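Summary of the model geometry
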Amino acid sequence: MQRIMIVGQPGSGKSTLARMLGARTGLPVVHIDHIHWMPGWVERPRDEKTRLCHVVEAGEAWIFEGGHSATWNTRLDRAQMLIWLDVPVGRRLMRVLGRSLRWHGRNRPDLPPDCPEGFHRETLPFWRFIWRTRHSARAGLQRLWDRVPDGKARVRLQSPAEVARFVDGFARSVPPR
């Protein structure tokens, strides 16, 4: 398994899972937030995000976590496994709040430089976005899930216990690089 695509809504645990799998496999981990954001919380132009996603997707080995659904089809074509973290909105909101508190004033590893976590003018709109898109974004992820071709590995995880069992089993079944 050399190319793993991880998707889920905000706060579902994509970055954490990607880091855990990367540590166990030695595969390079790519966080979409490094593509989406430039230093200082400046959003990268859409065309540039698409180009950078395609550069990653063309690589031979990666764990690529996150959105930019405009590139999901090409990413899925290259991926050997799709992992969908299908986590309830309440748990996701609590995780987002928790990481904001835990990392307040500092950069999380899945963010580019000079993007400290915290409570700022975009925090409340982001929480509203999570709530407002809880059904529509999940429906989009379901459509992606339904398009996974036969023979391609796909895993849907809905709880921390399922994630822990998956990581434990994955670590035993994939030889280190």
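This text goes with the structure placed above it.
As a starting point, this report considers the structure included with it. Throughout, a residue's number is its position along its own chain's written sequence, starting from 1. For this predicted model, a pLDDT threshold of at least 70 governs which residues receive local features, and a threshold of 80 or more governs which side-chain atom pairs are given and counted, while totals over whole chains, interfaces and linings are taken from all residues. Side-chain numbers here rest on the full set of heavy atoms in the structure, without hydrogens or water.

**Examining the nonpolar core**
Keep this limit in mind: In this text, buried Ala, Val, Leu, Ile, Met, Phe, Trp, Tyr and Cys residues form a nonpolar core when linked through side-chain atoms within 4.5 Å. Partly exposed residues are those whose accessible area sits between 20% and 50% of the maximum for their type, while under 20% is buried and over 50% is exposed, using a 1.4 Å probe and protein chains only. Going along the chain from the N terminus, every DSSP run of H or I of four or more residues is numbered as a helix, and every run of E of two or more is numbered as a strand. Residue contacts are counted whenever heavy atoms from the two residues lie within 4.5 Å of one another.
One finds Met 5, Val 7, Ile 35, Phe 64, Leu 82 and Leu 144 to be the most contacted residues of the largest nonpolar core, which totals 18 residues. Looking at this core, the elements with two or more residues in it are strand 1 (3-8), helix 2 (32-36), helix 3 (46-57), strand 5 (62-65), helix 4 (72-78), strand 6 (81-85) and helix 7 (136-146). By residue number, the principal contributor to this core is helix 7, which donates three residues. Here Val 7 is in contact with Lys 14, Gly 66, Trp 72, Leu 82, Ile 83, Trp 84, Leu 85, Leu 141 and Leu 144, once residues within four sequence places are set aside. Listed in part, the 17 residues of the second largest apolar core include Ala 18, Ile 83, Val 87 and Phe 166.

**Re the pairing of strand 5**
Look at any regular strand and the pattern is simple: side chains alternate between the two faces of the sheet. Basically, it comes down to this: A strand pair is defined by DSSP finding two or more bridges across the two strands.
Burial along strand 5 is two-sided: Trp 62 and Phe 64 facing one way and Ile 63 and Glu 65 facing the other are all buried. Where strand 1 meets strand 5, four bridges bridge the pair, whose relative direction is parallel. Paired with Ile 4 across the bridge in strand 5 is Ile 63. Relative to strand 5, strand 2 (residues 29-31) runs parallel, the two sharing three bridges. From the neighbouring strand, Val 30 faces strand 5, where its bridge partner is Phe 64.

**Some details on the pairing of strand 6**
Across the five residues that make up strand 6, a large majority, five, are buried. Residues Met 81, Ile 83 and Leu 85 line one face of strand 6 and the alternating positions Leu 82 and Trp 84 line the opposite face, and both faces are buried. Bridge analysis of strand 1 against strand 6 gives five bridges, and the strand direction is parallel. Across the sheet, the residue bridging to Gly 8 is Leu 85, located in strand 6. Taken together, the five bridges between strand 6 and strand 7 (residues 153-157) define a ladder with parallel strand orientation. Within strand 7, the position partnered with Leu 82 by the bridge is Arg 154.

**Topic: the pattern of salt bridges**
Two side chains carrying opposite charge are able to pair once their charged atoms lie near each other. Here is the rule we go by: The salt bridge definition used is simple: a Lys or Arg side-chain nitrogen within 4 Å of an Asp or Glu carboxyl oxygen.
What the rule picks out here adds up to twelve salt bridges. Between Arg 51 and Glu 48 there is a salt bridge, with the nearest N and O atoms lying 2.8 Å from each other. Here the residue Arg 51 and the residue Glu 48 both occupy positions in helix 3, the gap between them amounting to three residues, near one helical turn. Take Arg 51: its relative accessible area is 42%, and that puts it in the partly exposed class. Given a relative accessible area of 27%, Glu 48 falls into the partly exposed group. The partner of Arg 75 in a salt bridge is Glu 57, and the shortest N-O contact between them spans 3.5 Å. Of the two residues, Arg 75 sits in helix 4 while Glu 57 sits in helix 3, which places them 18 residues apart along the sequence. You'll find Arg 75 and Glu 57 in the same group, each marked buried. Through salt bridges with shared partners, a single network forms among Arg 19, Asp 33, Arg 108, Asp 110 and Glu 117.

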